[in-house]
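Chain residues, written in single-letter form:
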Amino acid sequence: MPSPNSSQSSRPFAWTRSLRFRLTAWYGGALIFILTSAAICVYIGAKEALLAETDAFLAMEVKRATAPTKGDQEAEGPYGELSEAVSSFQGSGRTGEGFEGLLQFDSVYVRLASPQNETIALSPSLAGQPQLAPSLEHVKLPSPGGAARYTFAGPNEESRMRVLIAPIRVSERPLVLVIAVPWDHDSDALAKISVFLIAAVLAMAAVAVLGGWALVGGVLRPIQRIATEAEQLEVDNLSGPLLPAPAETDSEVGHLVATLNRMTLRLHRAFEAKQRFAETQQRFAADASHELRTPLTVLRGEMELALARPRSNEEYIATLDSALEEIQQMTHIVESLSFLAQSGAGQIQNNATLEAIDLRQLCESTAAHFEREAEDKGVTLSLTGADHPVRVLGDLTQLRQLARNLVDNAVKYSRSGDLVTIAAFVENSPENNAPECVIAVCDMGIGIAPEDLPHIFERFWRADSARSAPGSGLGLAICARIAEAHGGRFTVQSEPNAGTEIRVYLPALKS
């Protein structure tokens, strides 16, 4: 069955919906818009500059053409000298006096006209261009006394001219001087500028888009790798980081990779914890059913045997004593399970009655409690430790149960002739040098294998070598919960067939 990603990638133009394309398109489009706007501004600026320079040139040519009007005009009619000047006018190119522009005009067209638009004189350049003269005759002349103005004229787009229409007065008579230059020079310059600007915009836009595409692709590549790795993620490959850290760890992608790696490790620990919990629960159910089934089976067998035929009172009493013993064993298991359930819900701390307790006296009472049992098994109990009070703040019932569970295990797994030592003393913590009260129980019994040490505080867990001895496997689990509730900790040292030493460290009571 195809994945959602593969179905999306098979759609037409699916790549246009990618983040890489959208980012590149957005910034590329914005850059193209900015470059195009700048190019248009440059083009308009260049056009205005060319117009200004052309108009300045036309204004200079008007002054040259009207220079004869400052002399005597009566010798050869009312417009004699001006008419002759226009009829013989030649353009100055760019060498005209007072003009420092960059443009050069090979042809200058001059027409002298009356206010009624009647032609008085034409320059040789205009007279030699019969197709241009009508264009200058059709321009709208200003009213008498009006200001000069600029415009465009020409028979077609290819022969356009920039025109200056300037009103003048000769012998108190109004005249109009129309002077023009070809616009093709400026058009060619503007065409070259436009081609250059278009090429520059396209080149810069292409470089920007390709660079942006590569840059965004490089930025998103770790994210794509993350998606690929996450797609293949299984419980078995959660033990290490999802991705190697990128070179730029301070970038957003670096933070993302670091966060995902930490999340992967947390998931790995959570899966391991869940797996351990499931295994523990499975073992717990199996062991609980086994521990409860054994006394129930014994109890049922004895009851069936007692009811099989009439028996004497002594036999009934013995059967009831044995049944009571099995019921007490089941009661102990149920009470232990109830205690552990309360410790898991945090009720030990809430229900505890705290008081000052002398661990030395607690160890003495515990040794006295197991003296008869140890004597029956041939085990010697020895009480050592400090000769001064070893006081902690805690719940007497719980700490008594902790000490009895430890001594019970030591006696249970010792052999005849072994020595069990019980001690209470004060030590300074190696971490912060604070005083800690210690209960140490040392035996010379069967010991614990190194591979079994991490499991001894688990519920119902019993080493294979200890399964032959009576017990439920809940004693040390209860001890661990009691120590945890009192802010304590355990250390265990053991060698197979050489004995075990268990120490419980509890915060000392501040005087």
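**Q** Help me understand the nonpolar core, please; the structure alone is not making it clear to me.
**A** Side chains that are nonpolar tend, in soluble globular proteins, to be buried together. Of all hydrophobic cores here, the largest spans 41 residues; its most connected members are L359, L402, L406 and V504. For this core, the elements supplying multiple residues, two or more each, are α10 (359-369), α12 (396-412), β9 (419-428), β10 (435-443), α13 (475-485) and β12 (499-507). Here this core takes 7 residues from α12, the largest share from any one element. Setting aside its immediate chain neighbours within four residues, V504 contacts L402, L406, C437, V438, I439, A483, R489 and F490.

**Q** Before we go on, may I ask you to explain the sheet that holds strand β1 (residues 109-113) in this structure?
**A** The strands making up a sheet associate through hydrogen bonds between their backbones, and the pairing can be parallel or antiparallel. Here 5 strands make up an open sheet; going across it, the order is β2-β1-β5-β4-β3 and the pairing antiparallel. Bordering the open sheet on either side are β2 (119-122) and β3 (149-153), each of which pairs with just one other strand. Across this sheet, the average inter-strand angle for adjacent strands is 25°, counted without regard to direction. Pairing geometry for β1 and strand β5 (residues 173-182), over 5 bridges, is antiparallel. When the bridges of β5 are listed, V110 appears paired with I179.

**Q** Can you walk me through unusual backbone geometry in this structure?
**A** Backbone phi values are negative for most residues with the exception of glycine, while trans is the configuration of most peptide bonds. Non-glycine residue N117 carries a positive phi angle of around 70°. Considering the arrangement of structural elements, one finds N117 in the loop between β1 and β2.

**Q** What am I meant to see in the side chain of S135 here?
**A** Here S135 lies in helix α5 (residues 133-137). Beyond its immediate sequence surroundings of up to four residues, S135 is in contact with A153, G154, P155 and M161.

**Q** Before we go on, may I ask you to explain the pattern of salt bridges in this structure?
**A** A side chain with one charge can pair with a side chain of the opposite charge if their charged atoms come near. For the structure on display, the rule yields 9 salt bridges. The residue E427 makes a salt bridge to R503 at a minimum N-O spacing of 3.2 Å. Residue E427 is located in strand β9, and its partner R503 is located in strand β12; the two are separated by 76 residues in the primary sequence. Classification of E427 by relative accessible area gives partly exposed; the value is 28%. Take R503: its relative accessible area is 21%, and that puts it in the partly exposed class.

**Q** So what exactly am I meant to see when it comes to the packing of aromatic side chains here?
**A** Within a pair of aromatic rings, the relevant descriptors are the distance that separates the centres and the angle that separates the planes. All chains considered together, the criterion is met by 1 aromatic pair. Taking NZ or CZ as reference, R160 lies 4.3 Å from the ring centre of F152, over its face.

**Q** Honestly, the sheet that holds β10 in this entry has me stumped. Any pointers?
**A** Pairing is mixed across the open sheet formed by 5 strands, whose spatial order is β7-β9-β10-β12-β11. The sheet is open, and its two borders are formed by β7 (380-385) and β11 (489-495), each paired with just one other strand. If you compare each strand with its neighbour and ignore which way they point, the axes differ by 15° on average. Taken together, the 8 bridges between β10 and β12 define a ladder with antiparallel strand orientation. The partner of C437 across the bridge, within β12, is L506. Taken strand by strand, α12 contacts β7, β9, β10, β11 and β12, and its axis lies near 30° from that of β10.

**Q** I'm lost on the packing of α12 against α13 in this one. Help?
**A** Relative orientation and spacing of two packed helices are given, respectively, by the angle between their axes and the distance between those axes. Their axes nearest at 9 Å, the elements α12 and α13 cross at an angle of 145°. α12 and α13 meet at a crossing whose hand is left-handed. Here Q398, L399, Q401, L402, N405, L406 and N409 of α12 come into contact with α13, specifically with G475, L476, I478, C479, I482 and A483.

**Q** Is there a simple way to think about the pairing of strand β8 (residues 391-394) in this case?
**A** Along a regular strand, successive side chains alternate from one face of the sheet to the other. Of the two faces of β8, the one holding V392 and G394 is buried and the one holding R391 and L393 is not buried anywhere. Of the pairings in the sheet, the one linking strand β6 (residues 355-358) to β8 comprises 4 bridges and is antiparallel in character. Looking across to β8, one finds that A356 is bridged to L393.

Conventions and cut-offs
- Residues numbered from 1 in each chain as written.
- Predicted model: local features only at pLDDT ≥ 70, side-chain atom pairs only at ≥ 80, totals over all residues.
- Heavy atoms only, no water.
- Core = buried A, V, L, I, M, F, W, Y, C linked by side-chain atoms within 4.5 Å.
- Buried < 20%, exposed > 50% of the residue type's maximum accessible area, 1.4 Å probe, protein only.
- Helix = DSSP H or I, 4+ residues; strand = E, 2+ residues; numbered from the N terminus.
- Contact = heavy atoms within 4.5 Å.
- Pairing = 2+ DSSP bridges.
- Axes fitted to C-alpha atoms, helices over the stretch in contact; angles between N-to-C directions.
- Salt bridge = Lys/Arg side-chain N within 4 Å of Asp/Glu carboxyl O.
- Phe/Tyr/Trp six-rings, centres within 6.5 Å; stacked < 30°, edge-to-face > 60°.
- Lys NZ or Arg CZ within 6 Å of the ring centre and 35° of its normal.
- Left-handed = near helix turned anticlockwise from the far one by under 90°.

By themselves, these are just geometric observations and shouldn't be taken as functional.
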